[in-house]
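# Observations on the model geometry
Each chain is listed here by its residues.
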Amino acid sequence: MTWYLFQLLLQASLMTIFVSVLSIFAGLGFAVLLSAMRMSGNRVLFGGAGLFISFFRGVPLLVQLLLIFNLLPVIGITLPSLATAIIGLSLSTAAYQAENLRGGFEGVPIGLVESAEMAGFSRLQTFIYIRTPIALRMTFPALVNEAILILKASSLVSVVGLVELTKMAQNLAASTYQPLPIFASAGLIYLVINLIVAFAARRAEDALPGLPAK
Amino acid sequence: MTDSAISIKNVSKQFGDTVVLRDINLEVPKGQVSCLIGPSGSGKSTLLRCMAFLEQANAGTILIEGEPVGFVDGPNGRRRQTAAELRRARSKIGMVFQQFNLWPHMTALGNVSASLRRVRKMSKAEAEAIAMRQLEKVDLKERAHHYPSQLSGGQQQRVAIARALALDPTIMLFDEPTSALDPELTGEVLNVMRTLADEGMTMVVVTHEIGFAASVGNKVCFLDHGKLLFHDTPEKVFAAPRNPRLEQFLDTYLDRGAFLVQ
């Protein structure tokens, strides 16, 4: 295990971070949309969101990624592996984040919605300016938990041909015959990234106004 | 009739089998303070919430300055107003809740300016200038950048009053505005309400503060078991209660008052 090999791992971890961060935020946006569909009162939208969540929670991420990777070319769409990876990860995390958010949306006190109605807010405005920010705050710890899971799950995207931290470690292990130090280093890098995420989240939680617990 | 800010005709309301309001008829005169009193479960909060269409009456009509709220009569009987019609009908009303219902993720200033920005589409600067004036009116200018969790209950309720006033309503509805406050904080909220009353705001106040009803109210309405039993000036209601049920209700307050003095 040399410094050079470690540097290669660090470089690859940038790809891990890039893919994960993009997927987490895209997934969160999509999760809010799924929540809106479930709260719309429209049966088709409600059913569609439910079906989506059931599928992406019920099928292993690895299978999802392979499905998307193999399905898209069949219907005439060819995307680079980076895009495929981000789509796969964000759809999957959206399903989980939507479930997390459900608890938050259900926990928004009805009085806060009534006061928005009396202030002249439309349903959409109430959803955007009142319900969503409060639901996000209430479920913040669960959302961070999901973000950490996605950071680790991003190791699966190597199956669509993307070279991120895990794939790089596999490549290096195969070419240097030193699997142990290399995978140990990769594990350490994942651990450090997630510790930083957890620390930042804790700080953000303290700084966020309007958490019902305070 | 044209002097009525709110006109309630034959309003009934039930939750399942429980009848909450029985054939209520009430005219709320413009520029006056009407206080709704009565024991718990008498329907006074429900009646107030019906005026804002936060509850739907099962029968009867409610007119806000002559315009129907919630339901309109059409060729095929009454129908629910569209969301836009309801917003227009409600735009004359400001509502203050027992639990304040401030949005916890916004500062006091944010709470008061939000509707001006989102509903009235004002610029941030314009909305905040108006919001600041409203906060000044309730004596909370220095607390403008505090979040609700950093304010006392009395301060939160005053922010809620400022928020309701920001949209320039002609009628203010108060749903037990001081019931969640300790006696010390109750005073500061009642003072703000007193000032509003002096300015000629039309107010409907559901309250257990009999003293406030007696001194500020122009009309006192006594509800019991969903019926409007009594509706008159405070002098007539409190000086010589003619109704046995009202007398009994007021007695419990006198008892409590006597107990507190000891």
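Remember, it's a predicted structure, so these values are computed and weren't measured experimentally.

Calculation criteria
Per-chain numbering applies: the sequence of each chain, read as written, is numbered from 1 onward. Key to labels: chains lettered from A, ligands numbered from 1, both in the order written. Local features in this predicted model are restricted to residues of pLDDT 70 or higher, and side-chain atom pairs are both shown and tallied only at a pLDDT of 80 or more, whereas totals for entire chains, interfaces and linings draw on every residue. In computing side-chain properties, one takes all heavy atoms of the structure into account and sets aside hydrogens as well as water. Here a cavity means grid points, on a 1 Å grid over the protein atoms only, where a 1.4 Å probe fits yet cannot get out; a pocket means an open set of points with protein on both sides within 12 Å along at least five of seven lines; lining residues are those with an atom within 4 Å of a point. Grid points are joined across faces, edges and corners, and a volume is the space filled by probe spheres set on the points. The helix and strand labels rest on DSSP assignments: H or I over at least four residues marks a helix, E over at least two residues marks a strand, and numbering proceeds from the N terminus. The classification used treats Ala, Val, Leu, Ile, Met, Phe, Trp, Tyr, Cys and Pro as nonpolar, Asp, Glu, Lys and Arg as charged, and all other residues, Gly among them, as polar. By definition, residues are in contact when any of their heavy atoms lie within 4.5 Å. Buried area: the accessible surface (1.4 Å probe) lost by two parts on joining, summed over both. Salt bridges are defined by distance alone: a side-chain nitrogen of Lys or Arg within 4 Å of a carboxyl oxygen of Asp or Glu. The definition of a polar contact used here is a pair of N or O atoms within 3.5 Å, where within protein one atom must be able to donate a hydrogen and the other to accept one, and adjacent residues in sequence count solely through side-chain atom pairs. UniProt positions are given in the numbering used here, feature names are shortened, and annotations may be inferred rather than shown by experiment. At least two DSSP bridges between two strands are required for those strands to pair. Axes here mean lines fitted to C-alpha atoms, for a helix over just the part in contact, with angles spanning 0 to 180 degrees between N-to-C directions.

### Some thoughts on the layout of surface pockets
All names here are of chain A. The computed volume of the largest pocket comes to approximately 650 Å³. For the largest pocket, the lining is made up of 25 residues, of which Glu117, Ser122, Arg123, Thr126 and Arg131 are closest to its centre. With five residues, the top contributor of residues to the lining of the largest pocket is helix α6 (residues 123-138). The residue inventory of the lining of the largest pocket, partitioned by class, reads 11 nonpolar, six polar and eight charged. When its volume is computed, the second largest pocket comes out at roughly 460 Å³. What lines the second largest pocket is a set of 20 residues, and nearest its centre among them are Ile24, Phe25, Val144, Ala147 and Val197. Mapped by element, the contributors of at least two residues to the lining of the second largest pocket are α1 (3-39), α6, α7 (140-153) and α9 (179-207). Its residues placed into classes, the lining of the second largest pocket shows 18 nonpolar, one polar and one charged.

### What to know about the interface of chain A and chain B
Across the boundary between the two partners, chain A contributes 20 residues, which contact 23 residues of chain B. Buried area between chain A and chain B, both sides added, is near 1900 Å², and the carbon and sulfur share of it is 66%. Together, Glu114, Met118 and Tyr129 of chain A form the three largest contributors to the area buried by chain A at its contact with chain B, with a combined 30%. Joining chain A to chain B, the criterion identifies two salt bridges. With its nearest N and O atoms 2.6 Å apart, the salt bridge here joins Glu114 of chain A to Arg49 of chain B. Across the chain A-chain B interface, the total number found is eight residue pairs in polar contact (both at pLDDT 80 or more). Broken down by secondary-structure element, the contributors of at least two residues to the side of chain A that touches chain B are α5 (110-118) and α6 of chain A. For the side of chain A that touches chain B, the leading source of residues is α5 of chain A, giving seven residues. Taken together, the residues of the side of chain A that touches chain B sort by class into 10 nonpolar, six polar and four charged.

### Observations regarding the UniProt feature "domain: ABC transmembrane type-1" (unreviewed entry) in chain A
UniProt records the feature "domain: ABC transmembrane type-1" (unreviewed entry) at residues 9-201 of chain A, using the numbering of this structure. The distance from the first to the last C-alpha atom of residues 9-201 of chain A is 25 Å, and the span holds 84% helix and 0% strand.

### Observations regarding the sheet that holds strand β9 (residues 171-175) of chain B
Residues and elements named next belong to chain B. In spatial order, the strands read β8-β9-β10-β3-β11-β12; together these six strands make up an open sheet with mixed pairing. The sheet terminates laterally at β8 (93-96) and β12 (227-232), the two strands that pair on one side only. When strand polarity is set aside, the average angle formed by the axes of neighbouring strands in this sheet is 15°. As paired elements, strand β3 (residues 33-37) and strand β10 (residues 202-206) share four bridges and run parallel to each other. Looking at β10, one finds that Val33 is bridged to Met203. Along the sheet face, helix α1 (residues 44-51) touches β3, β8, β9, β10 and β11 (219-224) and points at about 150° away from the line of β9.

### Some thoughts on the pairing of strand β2 (residues 18-29) of chain B
All names here are of chain B. With eight bridges joining them, strand β1 (residues 4-15) and β2 adopt antiparallel strand pairing. In the strand pairing of β2, Phe15 is matched with Thr18. Hairpin geometry of β1 and β2 is characterised by an intervening segment of two residues between the two adjacent antiparallel strands and by a positive phi of about 60° at Gly16.

### Brief notes about the environment of Cys221 of chain B
All names here are of chain B. Tracing the chain through its elements places Cys221 in strand β11. On a C-alpha basis, the gap between Cys221 and Val205 in space is 10.0 Å, while along the polypeptide they are 16 residues apart. With near-sequence residues (within four places) excluded, Cys221 lies in contact with Leu26, Cys35, Leu36, Ile37, Leu228, Phe230 and His231.

### Considering the UniProt feature "transmembrane region" (unreviewed entry) in chain A
Residues and elements named next belong to chain A. Annotation from UniProt places "transmembrane region" (unreviewed entry) at residues 12-37, 44-69, 75-96, 140-162 and 182-201. Segment residues 75-96 splits into 73% helix and 0% strand. End C-alpha atoms: 27 Å apart. In the segment residues 140-162, helix accounts for 61% and strand for 0%; the C-alpha atoms at its two ends are 30 Å apart.

### Let's talk about the sheet that holds strand β4 (residues 59-64) of chain B
Residue and element names in this part refer to chain B. Pairing in this open sheet of four strands is antiparallel, and the strands run β2-β1-β4-β5 from one edge to the other. Every other strand in the sheet has two partners, leaving β2 and β5 (67-68) as the edge strands with one partner each. Against the sheet, α1 engages β1, β2 and β4, with an angle of about 60° to β2.

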